[in-house]
Amino acid sequence: MTAAFCTCRDKKCPLNPANHDKGCTPCVAKCLQDGELPSCFFNAVTPYRGPDADYSYLGFARVMLGAEEAQAAHPEHAPEKQPAEPAKA
Ligand code: SF4
């Protein structure tokens, strides 16, 4: 089994789906044990940071806050906003 959507670039990691047939399970289990988020979450919102970067929950929050600040400075790079849902009575 592979995870075709996996954006992890650390092909040397034994937990990378390219190196076994268990999909995301080993990666997610390791991340949960270590208080981290899988690299695919980071790769979705920031350029690749390397295998030794801070992948903690707090690290992800810092990336997201930094991303929000970057978008505020450069709104032309902000993702498209979804239309607001109409207010319910
Ligand atoms: S959870 Fe891990 S193995 Fe699964 S897509 Fe994300 S980085 Fe890849």
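Student: Any chance you could explain the overall build of the protein here in plain terms?
Tutor: A tally of regular secondary structure across the protein gives three helices and zero strands. Traced from its N-terminal end to its C-terminal end, the protein shows the element sequence α-α-α. The 89 residues of the protein split such that 7% are buried. Intrachain contacts of the protein at a sequence separation of at least 6 include 14% that bridge at least 24 residues.

Student: Whenever I open this one, the site of the ligand confuses me. Can you help?
Tutor: Taken together, the neighbourhood of the ligand is formed by Ala3, Phe5, Cys6, Cys8, Pro17, Cys24, Cys27, Val28, Pro38, Ser39 and Cys40. For the shell around the ligand, the residue count by class is 10 nonpolar, one polar and no charged.

Student: I keep staring at the environment of Thr25 and nothing clicks. Help me out?
Tutor: Summarising the element assignment, Thr25 is placed in helix H1 (residues 25-34). The partly exposed category is assigned to Thr25, around which 13 C-beta atoms lie within 10 Å.

Student: What am I meant to see in helix H3 (residues 57-73) here?
Tutor: Every α-helical turn comprises 3.6 residues, leaving residues that sit three or four positions apart pointing alike. With 17 residues, H3 should cover 24 Å at 1.5 Å per step; its first-to-last C-alpha distance of 24 Å lies within 8% of that length. Among the 17 residues in H3, zero count as buried, and that is only a small part of the element.

Student: Teacher, can you tell me more about the environment of Glu36 here?
Tutor: Looking at where Glu36 falls in the secondary structure, it is placed in the loop between H1 and helix H2 (39-43). Overall, the presence of 20 C-beta atoms within 10 Å leaves Glu36 in the buried class. Put simply, Glu36 and Gly59 are 23 residues apart on the chain and 8.5 Å apart in space, counted from C-alpha to C-alpha. Beyond its immediate chain neighbours, meaning those up to four positions away, Glu36 contacts Cys31, Tyr55 and Ser56.

Student: I'm lost on the confidence of the model for the protein in this one. Help?
Tutor: Reading predicted coordinates in detail is not appropriate for stretches of low pLDDT. Across the protein, the average pLDDT comes to 86, with 81% of residues at 70 or higher. Taken element by element, the predicted model of the protein shows its lowest mean pLDDT in H3 (86) and its highest in H1 (97).

Cut-offs used in this document
- Residues numbered from 1 in each chain as written.
- Predicted model: local features only at pLDDT ≥ 70, side-chain atom pairs only at ≥ 80, totals over all residues.
- Helix = DSSP H or I, 4+ residues; strand = E, 2+ residues; numbered from the N terminus.
- Buried ≥ 20, exposed ≤ 12 C-beta atoms within 10 Å, placed from the backbone.
- Contact = placed C-beta atoms within 7 Å.
- Near = placed C-beta within 6 Å.
- Nonpolar A, V, L, I, M, F, W, Y, C, P; charged D, E, K, R; others polar.
- Expected span 1.5 Å × (residues − 1).
- pLDDT = per-residue confidence, 0-100.

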